[in-house]
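# Structural overview for review
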Amino acid sequence: MNKFEYVQGLDIPFQIVSYTSSKSVKLYIKKGYIKVTKPTWYRKKDVIEYIQKNSQSISKMYCEKMEKMKEYSLLEQGYIFLLGEKYDIKLEEVDGNQAYIEFDQEEKNVYISVPFNLKQEQIQEVISKLVNSVYRKYAQVLVNNSLIKYSKLMSISIPDFKVKKCKSIWGSCSSRGNLNFNIKVAMLPQYIIDNIVVHELCHIKHRNHGPKFWDMVYHYCSKEQYMKGEKWIKDNITYTLDF
């Protein structure tokens, strides 16, 4: 199986496959990665250079495709995750204009109250706002605590960071070393949040995904732990994070 490649400026993995029947280079958006097909005579180096040069437009194309691939709303899905725990959504329509959300950690239910007589689309919008407000609060604290811990271990000054709503990535590192994290990291178990934080901190030292980068990542969170986290996300979280 062809391995995944990475380039600076694009956090989405891509896979390059050569075919004797191919007459040109083509990009295909898949769930979680981009597949690139090319003729056997076309140099892999040229494909990588093209992707790096057009990373912004490719990222935009990927996000738009992922948006179209979204199949279920939160209400249709019937549950959400918080810190790796699944909570069943219990919806109640109430009098008044206020909406509420409350997590029952013992029963693993999330109780959501919305104003009576809202349309289905409006209910979904209210649920999304409530859930995202919870995720934002949790993410701010969880990421900050993990950054403090691993910045100290790496002897790196604690970088500036923001948590915000993202469609398809968990985190990113700017050319200035500023970090951004998806508010929905709050869905994940703590060890996966640590994996993501370590990943982005390592980009402060290594801007690409080369061997030195991965050696540093696996020094602070083992390869076994990192792969376990990747599998957990694949098994439990939908590919599109935009709700």
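Preceding block: the structure.
Since the structure is predicted, the reported quantities are computational estimates derived from the model, not experimental observations.

So, about the environment of Thr40. Topologically, Thr40 is positioned in the loop between strand S4 (33–39) and helix H1 (44–53). Of the residues examined, Thr40 reaches a relative accessible area of 48% and is grouped as partly exposed. Spatially, the C-alpha atom of Thr40 lies 45 Å from that of Ala139, the residues being 99 residues apart in sequence. In this view, Thr40 contacts Ser18, Tyr19 and Thr20; residues no more than four positions away in its chain are not counted.

What follows deals with the packing of helix H5 (residues 190–205) against helix H7 (residues 223–236). It is the contact of H5 with H7, at a shortest axis distance of 9 Å, that shows an interaxial angle of 115 degrees. Our classification of the angle between H5 and H7 gives roughly perpendicular. Taken as a pair, H5 and H7 cross one another with a handedness that is left-handed. Contacts from Tyr191, Ile192, Asn195 and His199 of H5 reach H7 at Gln225, Tyr226, Lys228, Gly229, Trp232 and Ile233. Residue composition of the contact of H5 with H7, grouped by class: five nonpolar, four polar and one charged.

In this section: the pairing of strand S7 (residues 100–104). Sheet analysis places S7 next to strand S8 (residues 109–115), joined by five bridges and oriented antiparallel. Residue pairing for S8: Asp104 is matched across the bridge by Asn109. Between S7 and the antiparallel strand that follows it, S8, lie four residues; Lys108 among them carries a positive phi value of about 60 degrees.

This brings us to the nonpolar core. In this structure, Ile80, Phe181 and Leu188 are the most contacted members of the largest nonpolar core, which totals 49 residues. Ranked by residue count, the leading element in this core is helix H4 (residues 120–154), at twelve residues. In this structure, Ile80 is in contact with Leu74, Glu85, Lys86, Tyr87, Ile89, Phe103, Val110, Val131 and Tyr135, ignoring residues within four places of it in sequence. Residues Ile12, Ile29, Val36 and Met66 belong to the second largest nonpolar core, which totals 13 residues.

Quick notes on the rules
- Residues numbered from 1 in each chain as written.
- Predicted model: local features only at pLDDT ≥ 70, side-chain atom pairs only at ≥ 80, totals over all residues.
- Heavy atoms only, no water.
- Helix = DSSP H or I, 4+ residues; strand = E, 2+ residues; numbered from the N terminus.
- Buried < 20%, exposed > 50% of the residue type's maximum accessible area, 1.4 Å probe, protein only.
- Contact = heavy atoms within 4.5 Å.
- Axes fitted to C-alpha atoms, helices over the stretch in contact; angles between N-to-C directions.
- Parallel < 35°, antiparallel > 145°, perpendicular 65-115°, else oblique.
- Left-handed = near helix turned anticlockwise from the far one by under 90°.
- Nonpolar A, V, L, I, M, F, W, Y, C, P; charged D, E, K, R; others polar.
- Pairing = 2+ DSSP bridges.
- Core = buried A, V, L, I, M, F, W, Y, C linked by side-chain atoms within 4.5 Å.

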